[in-house]
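# Chain and residue survey
Listed here are the chains, written in short residue letters.
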Amino acid sequence: MKKIFNILLLGVFALPMFTACETDDESNPILNEPTSFVLNVPPYAVNNVYDLKNGKSVELTCSQPDYGFPASTTYTVQISLDSEFTEETSDAKANYASLETLYSTAKMEVVASDMNAALLELWSVKNEGQPLPSEPVSISVRLKAFITGSNKGVCLSNVIGMNVLGTNEKTLELPENMLLVGSMLNNWSVWKPMAKASGLNGQFWALVYFEENAEFKFGTKENEYIGGDDTRVKLEDKANSGLTAASNGNILVPTAGWYTVYIKVAVKGSEYGFDIMFYPGEVYLFGETNGGVWEYNENWKFTIPTQADGDFVSPATIATGEARLCVKTDIDWWRTEFTLHNGTIFYRENNNIGTSWSSDMGAEYSVQPVVGNVILLNFTTGTGKLQ
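Residues numbered from 1 in each chain as written. Predicted model: local features only at pLDDT ≥ 70, side-chain atom pairs only at ≥ 80, totals over all residues. Heavy atoms only, no water.

Note: most residues except glycine have negative phi, and most peptide bonds are trans. Despite not being glycine, N213 has its phi angle at roughly 60°, a positive value. Along the chain, N213 falls in the loop between strand 13 (203–210) and strand 14 (214–219). With relative accessibility at 43%, the residue N213 sits in the partly exposed group. Its identity as a non-glycine residue notwithstanding, E349 has a phi of 45°, on the positive side. (Helix = DSSP H or I, 4+ residues; strand = E, 2+ residues; numbered from the N terminus. Buried < 20%, exposed > 50% of the residue type's maximum accessible area, 1.4 Å probe, protein only.)

This paragraph deals with the side chain of S140. Here S140 is to be found in strand 7 (residues 137–147). Once you skip the residues sitting within four places of it in the chain, S140 turns out to touch Q78, I79, S80, D82, S83, F85, V159 and I160. (Contact = heavy atoms within 4.5 Å.)

Working definition: the strands of a sheet are paired by backbone hydrogen bonds and lie parallel or antiparallel to each other. The strand order across the open sheet built from five strands is 12-13-18-19-15, with neighbouring strands paired in mixed fashion. Either end of the sheet is taken by a strand with one partner, and the two such strands are strand 12 (195–196) and strand 15 (233–237). With eight bridges joining them, strand 13 and strand 18 (residues 257–268) adopt antiparallel strand pairing. Looking at the pairing, W205 lines up with Y262 of strand 18. (Pairing = 2+ DSSP bridges.)

Moving on to the environment of A112. Within the fold, A112 resides in helix 1 (residues 112–126). Judged by its relative accessible area of 3%, A112 is buried. Distance from A112 to E211, taken between C-alpha atoms, is 45 Å for residues 99 residues apart in sequence.

If you want it as structure tokens, here you go:
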């Protein structure tokens, strides 16, 4: 991404990370709890103005908190209109805003529109709904850090000052949700939520059975009904489904079967663009319980049912350990990962799963086969079991 000194960004997503131990033996280091770390002042931050409307991105760097050992760290960017940050109390809200995007390195970029949205909110609260002025505004910036996938090692950086030129024009933000509706759900008033692709803003997926000549639409919210006749929609069939726009405005799927529906949203000026891709509906078993295979291997592909109410069935496991489950697309396997939680399919989405589901989310989120077990998944009912 082009770096311009005029900005602050929305960011990258947390990657699978490491959880620290607090006991000291031959394999476990001692966790040091730092009280602060250093956010570096960019060399251009003192006398220049960051243009949040026309700029592209700015680079922020910091020292990693001293945890006593190398640890994967997550950072949050916080901004305030005051030089001192104050926390929320029973009488008043906090005087700062935290950007939603999490960062996984000590070198990060911040998108101008993300910072501007936070600035608009802070300015409106402090100035009783007044718009941003046409001249630059002084803001304060700090970082919050913690050991990824845990509540340990929480600490704050020093505060640095910046001058920014904001805009009252609100930039279109990528949608947080995506839903499907259509004949494959047997009711055009039932909206099926799609799962978020882990770490990819505006990208969603769902494994769905389509009967022959099924028709559907989608939306960022219920009752939006975006179809194949919408000029913002682009269709790409990677599953030989016959995916096409229907004459009635719906999206047509001529060939019956299980398909992974993948929707990628982009902001194009003041409008969205929707890329809809169909992949074969394929589920794979990764991890310890298949002997340590961490790739799409045909020997560890689930059998595919021929009907909507059928089960995907895994090969029998050959080792004891945690099962890692995913559907196959063109992106990293863990971005479409899922597990079982109390018999229900639970999608990874943007949960930080590094070492394992058990260590990062809890034992109840971990599927633990022994030798000879199989896993059954029913994506119509959203349930599964180990047997």
